[in-house]
Structures are given as structure tokens and as C-alpha cells.
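Coordinate analysis (summary)
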Amino acid sequence: MAVQAAHAAAGTTAAPGDGTGRAAPSGSGSVALGPAAALSCRECGERIPLGPVFACEACFGPLEIAYEFPGGGPTALRERIEAGPDNIWRYAPLLPVPADVATKPNINPGFTKLVRADRLAHELGVTGSLHIKDDSGNPTHSFKDRVVAIAVEAARAFGFTTLSCSSTGNLAGAVGAAAARAGLRSCVFIPHDLEQGKVVMAAVYGGELVGIEGNYDDVNRFCSELIGDPAGEGWGFVNVNLRPYYAEGSKTLAYEICEQLGWRLPDQLVVPIASGSQLTKIDKGLKELISLGLVEDRPYKIFGAQAEGCSPVSRAFKDGHDVVRPVRPETIAKSLAIGNPADGPYVLDIARRTGGAVEDVDDPRIVEAIKLLARTEGIFAETAGGVTVGVTKKLIEEGRLDPSLTTVVLNTGDGLKTLDAVAPTTGPTAVIRPTLDSFREAGLAS
Ligand SMILES: *Cc1c(COP(=O)(O)O)cnc(C)c1O
Ligand SMILES: [Zn+2]
């Protein structure tokens, strides 16, 4: 079911060179979110006016943004983007944000480094070009700043004054920071047992932080209840009632990667999966660039990466299923520990349609991959980056990822937030007295 609908809905999202302004579907005229024209159901295609809703009234399918993109052709659009700021707002003409978004108080994420990883390529036997898209360089050190920045604009447009979320850790910090900067109240919810780095980052920006006795899926269920209750009235939950807007932020990863490759599509991408939203929107972003004529239309493959201890999508991919059976997560990759991923079926569809795959790695290999990336490229990834690098290594070893092509691997977070993962097996080479004799005794002299 998801397969058919995803294809049908994709056709409604991009309309190159078609129209000069945004369409005005009945009733949506009051919300100015740039090229965003309406919400459209990914399952049945039903269109409704822009608003803080996330599920289709007709079929309960997820809603996503339908656009009327600017006309004028690819050259004008490319020049406009290249003249924009060095953050995600350079892509404002393709996002559900007001035209003057760059002038508002926002933490301005994006345009993170695309690192050519030759030393890692050599270790992995890659003969083509290997790149790390390093999103640890965002303001709160994870990719979540991208999605939150878009949600903040939607929250402002809909008049919300409290920003909230259910989080596996990184989102809570991103919401706290963005709310502080925008002058909004924030109250965020996390599983009570997260890494210290994530708890501290979620709290330091001064908003309210609530630890829930349960896992992420429990937190998420609680937030859905809160939305339906007067206790949560007027709250913008970035990844629930603002989810259609939030999700679009991940498209900027696709835009940046292509622009940084010289307006070219990579042949292969390796993307982590928590709810699967990021992966599906990277695919959406790539398709938009093709339909707008900003990149040449050629095939690309998207590979999804999970931790073995929370691998419901990988399991379904291997079993040939269209539906994802929920699991109880048990892994050090806590930012990816969603046992019941909302976008799982769409991820399966994309991996299969593009000729990619979904694969998983166990916790020891995640730690090994974090260290491999650090030792070869000087990039310290959080556990989610260990998952993508570990899965890349596995796919190459099994001959499922072509080492002669252009491959982009995502690192979505900073290793300083998940020190516990590597601390037990990382530390000083030696502890010595401050004398040359002691140094020589330790066997470190050249
Ligand atoms: C949230 C998150 C992801 C991906 O999340 P999706 O729910 O799949 O969009 C990836 N990496 C990190 C570090 C994250 O925090
Ligand atoms: Zn529907």
C-alpha cells in the first residue's frame, strides 16, 4: 500500500517551471510559507490547506508539503541559491519558509562540510570517491538543527508559543537552542536514561526538560496523548503536529551534497534510520533537484543503516516484507533507537526502488567504525555515524556497494555527545612522571 501511494504522491510535490507564484488552495491564503502550497496525503493524495496537522482525515496517511516552485528555469534558480547565505536558507525557494526567513532570529544550521575521505576510502578498498557529509558541524552538533529550523518557522506562522518534541536526545537539544534563540518557551521529552552529553545539552538552553520512565516509543506515545489533551493546547510539537514542515528540513542534506559535488548526484548514499524521515526526505530532495533541472537525471542508490539492536527496517528489508514489525531497542546507538519507525515502509520502498538496501551492524562494530573514521579522517562521530560507517564497510565487504563509484556517507552527530560508547576502550597510551627517563621507559621515544 505504501509503495503505490508514495509513487503517486511524489508526482504532486514538484512542478518545475509551472506557475510563477504559490497556488492558493481554498482556505490556505493566510499562511505565508514561501513555495509551500498545501498539505498532501502521501497515501491517498488528498490536498488540504497548510496547518498544524500531520495525518490525513480521510485515510490517516501522513501529510507532506506540496509546492509550487518558482518558475524561471534552472540557471536562474542555481544562481539565486549560490548567492544565498552559507546555511540552509540558501535553499529557501525550495522550503516551506517565508521568503525573508534569513532575517529572523534562528540558529541558521547547514552548509556543513562534505569531506573527501581518501584515507578512509583506502582502508575500505574504495577506488571511486568517498565523502563524509559531516553534520556534527551544526549549531547543536547534530543534523536535527536542520529540521527544527523549519519547524520553528511553521510554529511562528501558526502562532505557537511553546515548542516541544519527543526526542531520542539530539532533537531535544536542537529544540532547546532554537526556542531560546527565537524567544519561544520550550518543553521537551526524552527517555530518562539517555547519555549525559545529550541530557546536559537538552537542559542548558533553559527550557523545560522532562525525562520519561520508558523508551522513545513510550515518550512518543505520551506526546501524542498530550497533543489531544487541553494540557498540551497551543503547543507545537516539532516532530508530531509540525512533522510535515519539520521533515522537509532533511531535504537540505540532499541539496547541499549535490551542490558541494558541483551540482551532481552522488551514485550511492548511506543514511542512518531512526524514524526513517531523514532518508525519505533526502530522496524527495534529490528528486526535486532532478525535476527542477538543477542536476542531471541519472540513477542513484540509497542505502539505509541501522544498529543491529534496533533494526526493524533492516529486518523487513531482508525478509522481503512491506510492513515493519516493531521491536524493543537495545543498542548504544540511542539516537537511532526507535523500535516503531513511522516512515519504515517508505524507507523500504526507496531502498528497493533505487537498488539500494537496508543493513545493520552490531554495537562492537559501531565502536570500531567510530574509531576507524576518527583515525583515518579526524572526524569524531557519535554512535549514529558509527552505524553508517560500519554499514558502509559491511556493504563493501559483501560486494553490495560499488567501491568504484561516488559514495556519500552521512555522519549526523558529534562523538562528544556519546563519549560512553568509546571511553571504555580509549584512553591515554601511558601515564608517566614528568621526566625524560620516564618517557623513554614508556617506549615512546622516536
Ligand atoms: C534523529 C537522528 C537521525 C535520523 O532520524 P530520522 O528519524 O530517521 O529522521 C539520524 N542521526 C541522528 C544523530 C539523529 O539524532
Ligand atoms: Zn489520505
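Residues numbered from 1 in each chain as written. Chains lettered and ligands numbered in written order. Predicted model: local features only at pLDDT ≥ 70, side-chain atom pairs only at ≥ 80, totals over all residues.

Our focus in this paragraph is the overall build of the chain. The number of helices and strands found in the chain is 16 helices and 13 strands. For the chain, the C-alpha radius of gyration of 22 Å lies close to 22 Å, the compact-globule estimate for 446 residues. Once the C-alpha set of the chain is aligned to its principal axes, its extents read approximately 80 × 50 × 45 Å. Scored against the burial criterion, the 446 residues of the chain give a buried share of 55%. Within the chain, residue pairs in contact and separated by at least 24 positions form 70% of the contacts whose partners lie at least 6 positions apart. (Helix = DSSP H or I, 4+ residues; strand = E, 2+ residues; numbered from the N terminus. Rg over C-alpha atoms; globule rule 2.2 N^0.38 Å. Buried ≥ 20, exposed ≤ 12 C-beta atoms within 10 Å, placed from the backbone. Contact = placed C-beta atoms within 7 Å.)

Excluding glycine, a negative phi dihedral is what most residues carry, and trans is how most peptide bonds are arranged. Residues other than glycine seldom take positive phi values, yet histidine 141 does so here, at roughly 65°. Within the fold, histidine 141 resides in the loop between strand S5 (130–134) and helix H4 (144–158). Classification of histidine 141 by C-beta neighbours within 10 Å gives buried; the count is 22. Here tryptophan 263, not a glycine, exhibits a phi torsion of approximately 55°, which is positive.

On to the UniProt feature "domain: Tryptophan synthase beta chain-like PALP" (unreviewed entry) in the chain. Mapped onto the present numbering, the UniProt feature "domain: Tryptophan synthase beta chain-like PALP" (unreviewed entry) falls on residues 110–413. Secondary structure content for residues 110–413 is 45% helix and 16% strand, and the end C-alpha separation is 13 Å. (UniProt positions renumbered as here; feature names shortened; annotations may be inferred.)

Looking at where lysine 371 falls in the secondary structure, it is placed in helix H13 (residues 363–377). C-beta crowding within 10 Å serves as the criterion here: with 17 such atoms nearby, lysine 371 is assigned to the partly exposed category. Distance in space between the C-alpha atoms of lysine 371 and alanine 174 is 26 Å, their sequence separation being 197 residues.

What follows deals with the packing of helix H11 (residues 312–319) against helix H12 (residues 344–354). How two helices sit against one another is set out by the angle between their axes and by the gap between those axes. Running from amino to carboxyl end, H11 crosses H12 at an angle of 50°, the nearest separation of the two axes being 10 Å. Between H11 and H12, the crossing angle belongs to the class labelled oblique. Regarding H11 and H12, the two cross each other, and that crossing is right-handed. Residues Pro312, Val313, Ala316 and Phe317 of H11 pack against Gly344, Val347, Leu348 and Ala351 of H12. Residues belonging to the contact of H11 with H12 are distributed by class as follows: seven nonpolar, one polar and no charged. (Axes fitted to C-alpha atoms, helices over the stretch in contact; angles between N-to-C directions. Parallel < 35°, antiparallel > 145°, perpendicular 65-115°, else oblique. Left-handed = near helix turned anticlockwise from the far one by under 90°. Nonpolar A, V, L, I, M, F, W, Y, C, P; charged D, E, K, R; others polar.)

Our focus in this paragraph is the sheet that holds strand S2 (residues 47–48). Pairing in this open sheet of three strands is antiparallel, and the strands run S2-S1-S3 from one edge to the other. Edge positions in the sheet fall to S2 and strand S3 (63–67), since each of these pairs with one other strand and no more. (Pairing = 2+ DSSP bridges.)

Bringing the sheet that holds strand S8 (residues 208–212) into the picture now. What the four strands build is an open sheet, ordered S8-S7-S6-S9; its pairing is parallel. Two strands close off the open sheet at either side, each with one partner strand: S8 and strand S9 (235–237). Going from strand to strand, the sheet's axes swing by 20° on average, the running direction of each strand aside. In the packing of helix H5 (residues 170–182) onto the sheet, contacts are made with strand S6 (162–166), strand S7 (185–191) and S8, and the angle to S7 comes to roughly 175°.

This paragraph deals with helix H9 (residues 251–260). For H9, a buried count of nine out of ten residues is recorded, marking the element as mostly surrounded by other parts of the structure. Within H9, the full set of buried residues consists of Lys251, Thr252, Leu253, Ala254, Tyr255, Glu256, Ile257, Cys258 and Glu259. Tucked into the core, H9 has its buried residues touching strand S4 (114–116), S5, H4, helix H8 (243–248), helix H10 (277–291) and strand S13 (407–411). Backbone geometry just after H9 places glycine 262 at a positive phi near 85°.

Here the focus is the packing of H9 against H10. It is the contact of H9 with H10, at a shortest axis distance of 7 Å, that shows an interaxial angle of 50°. On the basis of their axis angle, the class for H9 and H10 is oblique. Seen along the crossing, H9 lies across H10 with a hand that is right-handed. The segment H9 lies against H10, with Lys251, Leu253, Ala254, Tyr255 and Cys258 engaging Lys281, Ile282, Lys284, Gly285, Leu286 and Leu289. Looking at the contact of H9 with H10, its residues break down into seven nonpolar, one polar and three charged.

With that settled, the discussion passes to the nonpolar core. In this structure, Ala151, Val175, Phe303 and Leu336 are the most contacted members of the largest nonpolar core, which totals 129 residues. The residues touching alanine 151, leaving out its near neighbours within four places in the chain, are Val238, Leu242, Tyr245 and Tyr246. (Core = buried A, V, L, I, M, F, W, Y, C linked by C-beta atoms within 7 Å.)

Right, let's get into the environment of glycine 276. Locating glycine 276 in the fold gives a position in the loop between strand S10 (268–272) and H10. Classification of glycine 276 by C-beta neighbours within 10 Å gives buried; the count is 26.

Many descriptions give the size of an interface as the accessible area lost when the pieces come together. As assigned here, the chain comprises domain 1 (1–103), domain 2 (114–141 + 250–425) and domain 3 (144–246). Here domain 1 and domain 2 have C-alpha centroids that lie 25 Å from each other. (Domains from an automatic or database assignment.)

Across its 15 residues, H10 extends 21 Å between first and last C-alpha, which sits within 8% of the 21 Å expected from 1.5 Å per residue. Most of H10 sits inside the fold, with twelve of its 15 residues counted as buried. Of all the residues in H10, the buried ones are Ser277, Gln278, Leu279, Thr280, Lys281, Ile282, Asp283, Lys284, Gly285, Leu286, Glu288 and Leu289. In this structure, the buried side of H10 is in contact with H8, H9, S10, strand S11 (301–307) and H12. Taken from the residues just after H10, glycine 293 is the one with a positive phi, measuring 80°. (Expected span 1.5 Å × (residues − 1).)

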